[in-house]
Amino acid sequence: MVEPPAQPGWWRTRVASLRVRVTALAVLVVGLALGVGSVILVHLLYSHLVDSSRTAAEARADSLASLMSTASDPDSFSFTSLDDDEDEFVQVLDDQGRVVAASENMTGQPVVTISDDEVSVPFDSDPFAVADSDVTTSVGDRTVIVGSSLEDARDAADSLTGLLLVGAPLMMLVVGATTWFAVGRTLAPVERIRREADEITGAQLHRRLPTPPAGDEIGRLARTMNLMLGRLEQAQQQQRSFVSDAAHELRSPVASIRQNIEVADRYPDHLSTDELLETVRSESARLERLVTALLSLARLDERSASTSVTAVDLDDLVFEEAARLRQGTPLRVDTTRVSAGRVSGDEALLAQVLRNLVDNAERHAASVLALTLAEAGDTVVLTVEDDGPGVDPADRDRVFDRFVRLDDARARDDGGSGLGLAIVHDIVVAHGGSVSLTTSRLGGACLTVRLPRLGDSL
């Protein structure tokens, strides 16, 4: 026994929800973007502030160098303005690299390494940006080194980082809530369509799905599914009608055979063996024709009919059918207007088209049956005409429906089942052609088949 598939749990259902996945993806993308953007923003801000501090240090070094260049004793230059300032320091080096003057916060300290990177100093935990400037003084060449604290740059970067650490989660929360709400509103019509579609069974194909008023993808999906339901409903109705009509048609010959057998059994003197055999033979032949027609229609409906496509000379088929007809009927068969006509298709199916058309005309013709074949541009036109009673214009479209027999032109006792022209219609359409019924020049019915000429697409 095959076990039904296990239903997913609540959590797996939630995780599999499109709404959850879209929201999670949106939050993830925004989170990654905010994370990368935050790192880049903090780095750029800090780099800019470091460059500004270094530029300020360079300007300060150039200024001090300019003052020392005019001083009488540059090694005794006073840096008293920096004595209480831990945000800046100054060192003056001679041409031997020895410290000859310094601000109070750098008195007694070793020479600071000049670098484009941040520099650490003994009196402060914060790094410094360092710049130097060379100058020629009255006592020789000197190098002025100025350091500018990066404390403000670090404080600004730390403040921005704190704001981003608070703001980024809030932004992700807002994005998640907005996405959840927007996706929910967007998918609400889809959920209504899903619930309605889930309730529609084979016995409720008349129901239709709710269609959103907007002309977006969801609205088009709903309209497409409603069109599909309409086609399914129509196909179901046709199938039910087909089954009902087929059952009715099959019951008739079976009932006739059974009735005659029962009569022969109860009243052997009233029905001879030859009469019984003739009845059984006639009704079984009729039953065989009906079953064959039903199988042909079933194969056409399932598109499983023979797909053998070859070049077919319709004029050969017409002459063969005319010869067969002349041997079994007193009707005059006119083929004087048959010319060459080549098409591409299944020869057996096209022969069945011609046989059904001729059988139909034979049953209704009074004395003449005419076959015509000619090429007209890209089309091959085949007509089958008779001098019978014809068909009323109001009924001409119905004759191609299944199990349709007109009261004055179709009867069970003449062998018609109402399927011959339906088979003709389906085969011709499958070959890319068309079939129509008009009034014959002989006064009866004229059935016209148009097929693509060989060499043109079917």
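Residues numbered from 1 in each chain as written. Predicted model: local features only at pLDDT ≥ 70, side-chain atom pairs only at ≥ 80, totals over all residues. Heavy atoms only, no water.

### Structural notes on the nonpolar core
- Ranked by size, the top nonpolar core spans 36 residues in total, and within it Leu314, Leu357 and Leu371 carry the most contacts.
- Mapped onto this core, the elements with two or more residues apiece are helix 6 (314-328), strand 7 (332-338), helix 7 (347-364), strand 9 (368-376), strand 10 (379-386), helix 8 (420-430), strand 11 (434-439) and strand 12 (445-452).
- Of the residues forming this core, the biggest block, 7 residues, is contributed by helix 7.
- Once you skip the residues sitting within four places of it in the chain, Leu371 turns out to touch Val318, Ala322, Val333, Asp334, Thr335, Arg337, Val338, Val358, Thr383 and Val384.
- Listed in part, the 12 residues of the second largest apolar core include Val90, Val92, Val135 and Val146. (Core = buried A, V, L, I, M, F, W, Y, C linked by side-chain atoms within 4.5 Å. Buried < 20%, exposed > 50% of the residue type's maximum accessible area, 1.4 Å probe, protein only. Helix = DSSP H or I, 4+ residues; strand = E, 2+ residues; numbered from the N terminus. Contact = heavy atoms within 4.5 Å.)

### With respect to the side chain of Glu385
- With respect to the element layout, Glu385 can be found in strand 10.
- Of the residues examined, Glu385 reaches a relative accessible area of 5% and is grouped as buried.
- A polar side-chain atom of Glu385 sits 3.2 Å from the main-chain amide nitrogen of Arg441.
- Leaving out residues up to four positions away in the same chain, Glu385 has contacts with Val368, Leu369, Ala370, Thr372, Ser440, Arg441, Leu442, Ala445 and Cys446. (Polar contact = N/O pair within 3.5 Å; in protein donor to acceptor, adjacent residues only side chain to side chain.)

### Focus on the sheet that holds strand 2 (residues 99-102)
- Read across the sheet, 5 strands follow the order 2-1-5-4-3 without closing on themselves; strand pairing throughout is antiparallel. Two strands bound the open sheet, and with one partner strand each, they are strand 2 and strand 3 (119-121). Between one strand axis and the next, the sheet turns through 35° on average, direction left out of account.
- Pairing between strand 1 (residues 88-93) and strand 5 (residues 140-149): 6 bridges, direction antiparallel. Bridge pairing links Glu88 to Ser148 in strand 5.
- Most of the contacts of helix 2 (residues 18-70) go to strand 4 (residues 124-137), to which it runs at about 35°, and overall it touches strand 1, strand 4 and strand 5. (Pairing = 2+ DSSP bridges. Axes fitted to C-alpha atoms, helices over the stretch in contact; angles between N-to-C directions.)

### Concerning helix 8
- Restricting attention to buried positions, one finds in helix 8 the residues Leu421, Ala422, Ile423, Val424, Asp426, Ile427 and Val428.
- Downstream of helix 8 by a residue or two, Gly432 has a phi angle that is positive, lying close to 80°.

### Points about helix 3 (residues 151-199)
- Over its 49 residues, helix 3 runs 70 Å from end to end, which matches the ideal 72 Å to within 8%, given 1.5 Å per residue.
- Its maximal kink placed at Leu187, helix 3 deviates by approximately 40°, while the proline Pro189 follows within four residues.
- Of all the residues in helix 3, the buried ones are Ala153, Ala157, Leu160, Ala168, Val175, Gly176, Thr179, Val183, Gly184, Pro189, Ile193 and Glu196. (Expected span 1.5 Å × (residues − 1). Bend = angle between axes of the 7 residues up to and from the residue.)

### What to know about the confidence of the model for the protein chain
- Here the protein chain shows a mean pLDDT of 80. Residues at 70 or above account for 84%.
- Ranking the elements of the protein chain by mean pLDDT puts helix 1 (residues 10-16) last with 48 and strand 10 first with 92.
- When the criterion is pLDDT under 50, residues 10-15 qualifies, and its contacts beyond four places in sequence or with other chains add up to 4 contacts.
- In this model, residues 407-415 is a region of pLDDT below 50 whose contacts with residues beyond four sequence positions or in other chains number 16 contacts. (pLDDT = per-residue confidence, 0-100.)

### Details of empty space enclosed by the protein
- Within the structure shown, the criterion is met by 2 cavities of 30 Å³ or more.
- In this structure, the second largest cavity spans a volume of roughly 50 Å³.
- Going through the elements one at a time, helix 6, helix 7 and strand 12 are the ones with two or more residues in the lining of the second largest cavity.
- By residue number, the principal contributor to the lining of the second largest cavity is helix 7, which donates 3 residues.
- Residue composition of the lining of the second largest cavity, grouped by class: 8 nonpolar, no polar and no charged. (1 Å grid on protein atoms, 1.4 Å probe; cavity = no way out; pocket = protein on both sides within 12 Å on 5 of 7 lines; lining within 4 Å. Points joined across faces, edges and corners; volume = space filled by probe spheres on them. Nonpolar A, V, L, I, M, F, W, Y, C, P; charged D, E, K, R; others polar.)

### Here we look at the packing of helix 6 against helix 7
- Look at helix 6 against helix 7: their axes get within 10 Å of each other, and the N-to-C directions meet at 40°. Between helix 6 and helix 7, the angle is such that the two are oblique. The handedness of the crossing between helix 6 and helix 7 comes out as right-handed. Every residue of helix 7 that contacts helix 6 at Leu314, Leu317, Val318, Glu321, Arg324, Leu325 and Gly328 is listed here: Glu347, Leu350, Ala351, Leu354, Arg355, Val358, Asp359 and Glu362.
- Split into classes, the residues belonging to the contact of helix 6 with helix 7 amount to 8 nonpolar, 1 polar and 6 charged. (Parallel < 35°, antiparallel > 145°, perpendicular 65-115°, else oblique. Left-handed = near helix turned anticlockwise from the far one by under 90°.)

### Examining the environment of Ser367
- Tracing the sequence through the fold places Ser367 in the loop between helix 7 and strand 9.
- Ser367 gets classed as partly exposed once you look at its relative accessible area, which sits at 38%.
- Between the C-alpha atoms of Ser367 and Arg332, which are 35 residues apart in sequence, the distance is 6.2 Å.
- A polar atom in the side chain of Ser367 sits 2.8 Å from the side chain of Asp387.

### Side note on the sheet that holds strand 11
- Pairing within the open sheet is mixed, and its 5 strands lie in the order 7-9-10-12-11. Both edges of this open sheet fall to strand 7 and strand 11, since each of them pairs with a single strand only. Between one strand axis and the next, the sheet turns through 15° on average, direction left out of account.
- Pairing geometry for strand 10 and strand 12, over 7 bridges, is antiparallel. Its bridge partner being in strand 12, Val381 is matched across the sheet by Arg450.
- Where helix 6 meets the sheet, it contacts strand 7, strand 9, strand 10 and strand 12, and its direction lies at approximately 165° from that of strand 7.

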